[in-house]
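# Chain and residue survey
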Amino acid sequence: MHQTTDQRELENRIVKLLADGNLKQLGHELEGVAPDDAVLILERLGAKQRAVVFRLLHKDEALDVFEALDPSVQSDLMRGLRDAEVAEIFEGLDPDDRVWLLDELPATLAPKLLHGLSERERRLTSVVLGYPQDSVGRRMTPEYVTTRMDYTVDETLARLRDRIDDAETIYLLPVLDDARHIAGVVSLRDLIAAGPDEIVASIMSEAQSIEATEDAERAARRLTEAGFVALPVVDRERRLVGLLTFDDAMRIIEHEESEDSARQGGVEPLRRPYFTTPIMQLVRSRVVWLLVLAVGATLTVQVLDVFEDTLAEVTVLALFVPLLIGTGGNTGNQAATTVTRALALGDVRARDLVKVLGREARVGLMLGLLLGSLGFVLAGLVYSWQIGAVIGLTLVAICTVAATIGGIMPLVARWVKVDPAVFSNPFISTFVDASGLIIYFLIARAILGL
């Protein structure tokens, strides 16, 4: 979220008032601050400052602000609040939001917070907590309003009015049979448009549901791509257990994509806003990958050492090394990013490995022919046509190999149940650098007769 000039000025005033200990004036500054602005400011403050500012927010606004914070920041904030404040905030959260927070809290604190909930809220939260970590059941809301096939529209609307305060969304109502199996869904729009005596069965639509144990990211993408406001979540017997809402789906996707983009850049995901991340955690998130890549880069050094005599005989070959390994790495990363994205969207599955290999090999060959032709002409005009042939053929070969390897690596990762983002860019760059140099020097020896 981008911070405007007004937000920065407000943040500077708040920091100054905190430093001066002028809490009365600070309270006046926070009056009328929009929840989104308050979230931005809180996520940029230190832990102690954040607790002070949060306490000064208006009570009616505080819960909205808290719900909008990153779960890791929520966890930090709760440690700085009094037990009574923590209990009140925790009780006010929706069950699925509570579970996001509990996943970030120390294991010793979670039982204490759950014990302090009312019986109803504890039961609803326990339902969500009972599902696996990455499943959609862990992210669904158990607070919803249902109707029956034989209910009239008027009866359904009355039921909705009675339970509206307990539901996270009212825009989609699951329709159940006598055994709580989901028979269909009906939208609020359809209910309002229908006559009061019409039977729900006559206006309901076919239900597209998801099993509670299904992967949360896959379910979230299915919901957003279909444009639904919510999707019913069912157990193996198709009994309704909850709803996945659109805003929760977007939250899941944002969380997963931030992890993928971090790992593709060779960094462990922070799982918290940048300014709230301790320096040592930033170091730890990067150093492991740097060590792995440094060890992998020794392969490139070994290849250069093996072909040292070839470089000594034709020194001009050394000039093209950065160009060739850079082109290969970029080609492989492009292919890996494309296929990883297709995997996330469900366009490609692990069993499509042979198809993807064939497509990416053709794409790589065509890219190689385009770049190789340009390399042949430029290198030939500047140096010699033999050097031009070496560069042109190497680009064809490297692009083909890099695109093929980059395309299948995410599928291999999915097949062995590893995050495709981990297998992609950092490892592909290292592999393509070494293999590209081998291809380069072998072609050079063959054409130049070295």
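In what follows, the accompanying structure is described. Keep in mind that what you see is a predicted model, and the values were worked out from it rather than measured.

## Observations concerning the packing of aromatic side chains
Between two aromatic rings, the relevant description is the distance of the centres plus the angle of the planes. Applying the stated rule across the entire model yields four aromatic pairs. Between Phe-376 and Trp-385, the ring centres sit 5.3 Å apart and the planes meet at 45°, which makes this aromatic pair tilted. The class for Trp-385 is partly exposed, based on a relative accessible area of 46%. Over the ring of Trp-100 we find Arg-139, and its NZ or CZ is 3.9 Å from the ring centre. Lying across the ring of Trp-100, Arg-251 places its NZ or CZ 4.5 Å from the centre.

## Quick notes on the sheet that holds strand 1 (residues 147–148)
The strands making up a sheet are joined through hydrogen bonds of the backbone, oriented either antiparallel or parallel. Read from one edge to the other, the open sheet built from three strands follows the order 1-2-3, with strand pairing classed as mixed. Every other strand in the sheet has two partners, leaving strand 1 and strand 3 (182–187) as the edge strands with one partner each. In this structure, strand 2 (residues 172–176) lies alongside strand 3, joined through five bridges in antiparallel fashion. Within strand 3, the position partnered with Leu-176 by the bridge is Ile-182.

## What to know about the packing of helix 8 (residues 95–102) against helix 10 (residues 119–129)
The N-to-C vectors of helix 8 and helix 10 enclose an angle of 60°; their axes lie 9 Å apart at closest approach. In this structure, helix 8 crosses over helix 10, and the sense of that crossing is right-handed. Counted together, Pro-95, Arg-98, Val-99 and Leu-102 of helix 8 and Glu-121, Leu-124, Thr-125, Val-128 and Leu-129 of helix 10 form the full contact between these two elements. Classifying every residue of the contact of helix 8 with helix 10 gives six nonpolar, one polar and two charged.

## Concerning the pairing of strand 2
For strand 2, a buried count of five out of five residues is recorded, marking the element as mostly surrounded by other parts of the structure. The two faces of strand 2 match: Leu-172, Pro-174 and Leu-176 on one face and Leu-173 and Val-175 on the other face are all buried. One ladder, built from two bridges, connects strand 1 with strand 2; its direction is parallel. From the neighbouring strand, Thr-147 faces strand 2, where its bridge partner is Val-175.

## So, the environment of Val-354
Looking at the secondary structure, you find Val-354 in helix 20 (residues 353–382). With 54 residues separating them in the primary sequence, Val-354 and Ile-408 have C-alpha atoms 8.4 Å apart.

## With respect to helix 2 (residues 23–30)
For an α-helix the count is 3.6 residues per turn, leaving residues at separations of three or four pointing the same way. Within the sequence span of helix 2, burial applies to Leu-26, Gly-27, Glu-29 and Leu-30. The buried residues of helix 2 occupy one face: seen down the axis, they fall within an arc of 160°. In the stretch just after helix 2, Gly-32 is the one whose phi turns positive, near 80°.

## Digging into the sheet that holds strand 4 (residues 210–211)
Strand order across the open sheet formed by three strands is 4-5-6, with mixed pairing between neighbours. Looking at which strands have only one partner, the edges of the open sheet turn out to be strand 4 and strand 6 (240–245).

## Brief notes about unusual backbone geometry
If you check the backbone angles, Arg-180 has positive phi at about 65° while not being a glycine. Assignment of secondary structure puts Arg-180 in the loop between strand 2 and strand 3. Residues other than glycine seldom take positive phi values, yet Arg-238 does so here, at roughly 65°. By the element assignment, Arg-238 lies in the loop between strand 5 (230–234) and strand 6.

## Side note on the environment of Gly-406
Examined against the element boundaries, Gly-406 turns out to sit in helix 21 (residues 385–415). Judged by its relative accessible area of 0%, Gly-406 is buried. Placed 75 residues apart in sequence, Gly-406 and Thr-331 show a C-alpha to C-alpha distance of 7.8 Å. Not counting residues within four places of it along the chain, the set of residues in contact with Gly-406 comprises Gly-332, Ala-335, Ala-336 and Ile-428.

Criteria and cut-off values
Residues numbered from 1 in each chain as written. Predicted model: local features only at pLDDT ≥ 70, side-chain atom pairs only at ≥ 80, totals over all residues. Heavy atoms only, no water. Phe/Tyr/Trp six-rings, centres within 6.5 Å; stacked < 30°, edge-to-face > 60°. Buried < 20%, exposed > 50% of the residue type's maximum accessible area, 1.4 Å probe, protein only. Lys NZ or Arg CZ within 6 Å of the ring centre and 35° of its normal. Pairing = 2+ DSSP bridges. Helix = DSSP H or I, 4+ residues; strand = E, 2+ residues; numbered from the N terminus. Axes fitted to C-alpha atoms, helices over the stretch in contact; angles between N-to-C directions. Left-handed = near helix turned anticlockwise from the far one by under 90°. Contact = heavy atoms within 4.5 Å. Nonpolar A, V, L, I, M, F, W, Y, C, P; charged D, E, K, R; others polar. Arc of directions from axis to C-beta.

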